[in-house]
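Letter by letter, the chains look like this.
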Amino acid sequence: MPNTVQGAPSLFKFLETVLPPKIPRNGEIQGQEHIQSREDFIIDVMDGIKLAPMSTRLTPHILSRIDWAGNPLADPLRRQFLPMKSSLLPDHPSLSLDSLHETEDSPVPGLVHRYPHKALFLATSVCPIYCRFCTRSYSVGGETDSVKKARFLPTRKRWEKVFEHIERTPALNDIVISGGDAYYLEPEHVWEIGKRLLSIPHIRRIRYASKGLAVCPSRVLDSTDSWTSALIKVVEFGRNEGKTVAWHTHFNHPNEITWVTRLAAWKLFQNGVTVRNQAALLRGVNDDVSTMKKLIYSLADINIQPYYVYQGDMVRGVEDLRTPLQTIIELEEQIRGTIAGFLMPQFAVDLPAGGGKRLACSYESYDRRTGVSTFVAPSVKGGNRVFEYHDPLWSLEK
Ligand code: SF4
């Protein structure tokens, strides 16, 4: 964790060290023909960072899995975490930074209460890594040249207001502790938050949302670091109370899984920690059948439940990573039936404007010419509402 590469100056230094003088080309990449040398590549990344809604932070684990020498332009991990100006595409006019309208559904700052029985506790704004496509670009990470962030500081004073709302809302039985990322909570806070929530009689289950297992798995194995033992303690406390505690993590590509990941997942399995994965569907990363299958099968083999594959959210600044709805529908069609049903993830759209999660194939209408799909979902405020998803501009007819 202390060795993450963070901010433009340290990234510059890192890239100078790992990139070859001449950038290899594995097939022509539209708009990137001019990137021939290490200097061209670095300039393009630095220009991309200036336009990006997310700040830069990469862990040694992820940096070590990017093929800097052989394929830095098209590497699927590089595409997720490092923007390049030459690959950015114009935003669809319907995009926003808070596409799920979380702020509107927050009765107290840092608690998104959209579904009757479930709430999302944003315990911090910090993550071990910053993903370009983050659904919470409005709040997560440091401020960038283009975005001022709504911060959720990890303070007990702020959390107390969240706990009070949960305590006086008996309909709530399920809390997701996220952020940011629960990996950035102090171990004692992992324990305190878990115990406090599980001690509320109407809370039946909690889940910690953390990409940590995917981007810094060695931490799970480090006997000098007590984050994982704090989590295991919460799992045991929950089990004694008859309540479930899970870790929801976020792998997007099989290259993120290494022997270290396998050992970390094994340790969690041995200690009875349920781990589920929520992947994001990303263009040029995992939007083909063989990569998505390999991701699902690899996770299943290390006892991580492939729980969701999400259609890319309609957030600003990452149109090069979004796919049309058609892609997720076809992926599901081709993968369903090749794996046991209980290992088949739900291919879903988290509907813009707070419609919640809907199976991608459950659309009411889908006009492939305009790229507009509609979904009907129950509104928490009562009745059904129609929500729209818009395909990226690049996928539409002129
Ligand atoms: S780890 Fe999660 S919250 Fe953090 S930047 Fe990535 S997607 Fe966003």
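Residues numbered from 1 in each chain as written. Predicted model: local features only at pLDDT ≥ 70, side-chain atom pairs only at ≥ 80, totals over all residues. Heavy atoms only, no water.

## A few points about the overall build of the protein chain
The secondary structure content of the protein chain amounts to twelve helices and 14 strands. Computed over C-alpha atoms, the radius of gyration of the protein chain comes to 21 Å, within 12% of the 21 Å expected from 2.2 N^0.38 for 398 residues, which places it in the range of a compact globule. Projected onto its principal axes, the C-alpha coordinates of the protein chain cover approximately 60 × 50 × 45 Å. Within the protein chain, the proportion of its 398 residues that are buried is 57%. For the protein chain, long-range pairs separated by at least 24 residues make up 75% of all intrachain contacts whose partners lie at least 6 apart in sequence. For the protein chain, the accessible area works out to roughly 16700 Å², and carbon and sulfur atoms hold 53% of it. Side-chain charges in the protein chain split into 48 positive and 44 negative, and the spacing between the mean points of these groups amounts to 4 Å. (Helix = DSSP H or I, 4+ residues; strand = E, 2+ residues; numbered from the N terminus. Rg over C-alpha atoms; globule rule 2.2 N^0.38 Å. Buried < 20%, exposed > 50% of the residue type's maximum accessible area, 1.4 Å probe, protein only. Contact = heavy atoms within 4.5 Å. Areas by Shrake-Rupley, 256 points an atom, 1.4 Å probe, with all protein chains shown as cover. Lys, Arg positive; Asp, Glu negative; His and termini not counted. Charge placed at Lys NZ, Arg CZ, Asp CG, Glu CD.)

## Quick notes on the packing of helix H6 (residues 187-198) against helix H9 (residues 227-241)
For the pair H6 and H9, the least separation of the axes is 8 Å and the interaxial angle reads 15°. Overall, the two elements H6 and H9 adopt an arrangement that is roughly parallel. Here H6 and H9 pass one another in a crossing that is right-handed. For the pair H6 and H9, contact is made by Pro187, Val190, Trp191, Gly194, Lys195 and Leu198 and by Trp227, Ala230, Leu231, Lys233, Val234, Phe237, Gly238 and Glu241, respectively. (Axes fitted to C-alpha atoms, helices over the stretch in contact; angles between N-to-C directions. Parallel < 35°, antiparallel > 145°, perpendicular 65-115°, else oblique. Left-handed = near helix turned anticlockwise from the far one by under 90°.)

## Some words on the pairing of strand S11 (residues 356-359)
Bridge analysis of strand S10 (residues 346-351) against S11 gives four bridges, and the strand direction is antiparallel. Residue Leu351 lies in a different strand from S11, and its bridge partner there is Gly356. Linking S10 to S11, which pair antiparallel, is a turn of four residues; within it Ala353 sits at a positive phi near 65°. (Pairing = 2+ DSSP bridges.)

## Topic: the UniProt feature "domain: Radical SAM core" (unreviewed entry) in the protein chain
UniProt's entry tags residues 113-343 with the feature "domain: Radical SAM core" (unreviewed entry), counted in the numbering of this structure. Helix and strand shares over residues 113-343 are 36% and 15% respectively, and the end C-alpha atoms of the span are 29 Å apart. (UniProt positions renumbered as here; feature names shortened; annotations may be inferred.)

## Remarks on the site of the ligand
Around the ligand sit Met54, Cys127, Ile129, Tyr130, Cys131, Cys134, Val140, Gly180, Lys211 and His250, and that is every residue in its neighbourhood. The residue inventory of the shell around the ligand, partitioned by class, reads seven nonpolar, two polar and one charged. (Near = heavy atom within 4 Å. Nonpolar A, V, L, I, M, F, W, Y, C, P; charged D, E, K, R; others polar.)

## Some points on the environment of Arg239
Turning to its location among the elements, Arg239 is positioned in helix H9. C-alpha of Arg239 to C-alpha of Gly272: the two residues are 33 residues apart in sequence and 9.8 Å apart in space. The contact partners of Arg239, leaving out residues within four places of it in the chain, are Asn271 and Gly272.

## Focus: the sheet that holds strand S12 (residues 365-367)
With antiparallel pairing, three strands are arranged side by side in an open sheet as S12-S13-S14. Pairing within the sheet leaves two strands with one partner each, and these edge strands are S12 and strand S14 (384-390). Averaged over all neighbouring strand pairs, the angle between strand axes comes to 25°, with direction disregarded. Examined bridge by bridge, strand S13 (residues 372-378) and S14 share seven bridges and lie antiparallel to one another. Bridge pairing in S14 links Ala377 to Arg385.

## Details of the packing of aromatic side chains
All told, the structure shown has eleven aromatic pairs when counted by the stated rule. On the numbers, 6.4 Å between centres and 90° between planes, the contact of Phe121 with Trp159 is edge-to-face. On the criterion of sequence distance, the pair formed by Phe121 in strand S4 (residues 118-122) and Trp159 in helix H5 (residues 156-167) is long-range, its members being 38 residues apart. The structure contains a cluster of three or more aromatic residues connected by ring pairs, namely Phe121, Trp159 and Phe163. (Phe/Tyr/Trp six-rings, centres within 6.5 Å; stacked < 30°, edge-to-face > 60°.)

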